[in-house]
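Descriptive structure summary
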Amino acid sequence: PPLLFLLFFLGDPFSYGVYLSFFRREVAGSPTYVGFGNFLTLASDPIFWQSVGNTIKFTAAATVLKATGGLGMALVMNQNFRMKAITRALLLLPFIVPTVLSTVAWQWIYDPGLGLFNRLLVESGLMTRGVSWLGNPTMAMVSLIIVKPWRGLPFFGISILAGLQTIPVELHESATIDGASTWGRFRYVTLPSLLPVIFIVTTFSIILTFFDFQLVYVLTGGGPANSTHLMATYAYSLSVGVGQMGLGSAVALSMVPVLGLLLVLLTFYVRKD
């Protein structure tokens, strides 16, 4: 039954997407078989290649920030301090709040006139006027990269914290007796023990970030001037916005080999180490 469930809810939409990618299909028209015509069209589409580059940069930057920040968060949360349980619960809020709701709040934060970031910059004297966070192509991508780790940190932090609590105390005690410093215990005891957990969490993060749609669609919509389109948002723009279902399906299908290559390289690097 679980296999039939997956085949129905995942296999059927995926198969239909593969089918559409080989047809020129408009919303109100009948499909016309074009073979690899949609993929050849994408090969000469500069926006498509820009979205591929944006997706890779966005995924890489967000994953690195989430991994390092999540590791630091887990190390802090593993210490004993007052109100530790409440603090851990509060740290889950960015991950629990619906994506659309939290992204709308970030839109207000990035507002060029009344946004929190610009007010802090101007009031502190660092700048004389606010920055157009979402109106400049470079700053818009930076803004996306800031929001994604903020939302994904709790997932990394809680997962790595669970891994920290499985490390036997005796290992740290033995390392301390042998004269290891705090950095030495972290490097030779803590980090090697956490590598399997970090690998699994990073793999999930890459998959979820690579296919991210809601955050980008709500915050920038792929703009300004298509500068923040990811492959998922560009596929949606072509399919729903323009009505080119076949071309949009070809973009979505193109995400699979790129993501597969990234995961293979990551797996090979970890096993090599």
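The paragraphs below set out a description of the structure included in this document. Since we're looking at a predicted model, the values are computed, not measured.

Rules used throughout
Residues numbered from 1 in each chain as written. Predicted model: local features only at pLDDT ≥ 70, side-chain atom pairs only at ≥ 80, totals over all residues. Heavy atoms only, no water. Helix = DSSP H or I, 4+ residues; strand = E, 2+ residues; numbered from the N terminus. Lys, Arg positive; Asp, Glu negative; His and termini not counted. Charge placed at Lys NZ, Arg CZ, Asp CG, Glu CD. Axes fitted to C-alpha atoms, helices over the stretch in contact; angles between N-to-C directions. Left-handed = near helix turned anticlockwise from the far one by under 90°. Contact = heavy atoms within 4.5 Å. Nonpolar A, V, L, I, M, F, W, Y, C, P; charged D, E, K, R; others polar. Polar contact = N/O pair within 3.5 Å; in protein donor to acceptor, adjacent residues only side chain to side chain. Buried < 20%, exposed > 50% of the residue type's maximum accessible area, 1.4 Å probe, protein only.

Comments concerning the overall build of the protein
Looking only at helices and strands, one finds 13 helices and two strands in the protein. For the protein, the separation between the mean place of its 15 positive charges and that of its 10 negative charges on side chains is 2 Å.

Considering unusual backbone geometry
Cis geometry marks the peptide bond from G223 to P224, where omega comes out at -5 degrees. With respect to the helices and strands, the residue P224 is situated in the loop between α11 (214-219) and α12 (231-242). If you check the backbone angles, A225 has positive phi at about 55 degrees while not being a glycine. Inspection of the secondary structure assignment puts A225 in the loop between α11 and α12.

Looking at the packing of helix α9 (residues 169-177) against helix α10 (residues 182-210)
The N-to-C vectors of α9 and α10 enclose an angle of 145 degrees; their axes lie 10 Å apart at closest approach. As α9 packs across α10, the resulting crossing turns out to be right-handed. On α10, the residues touching L171, H172, A175 and T176 of α9 are R185, V189 and T190. Among the residues making up the contact of α9 with α10, the classes are represented as three nonpolar, three polar and one charged.

Digging into the side chain of T233
By secondary structure assignment, the location of T233 is in helix α12. Separated by 2.9 Å, the side chain of T233 and the backbone nitrogen of L230 make a polar contact. Here T233 is in contact with F213, V216 and Y217, once residues within four sequence places are set aside.

Examining the environment of A232
Along the chain, the position of A232 falls in helix α12. Among the residues examined, A232 registers a relative accessible area of 14% and is labelled buried. In this structure A232 touches F211, D212, F213 and M255, once residues within four positions along its chain are discounted.

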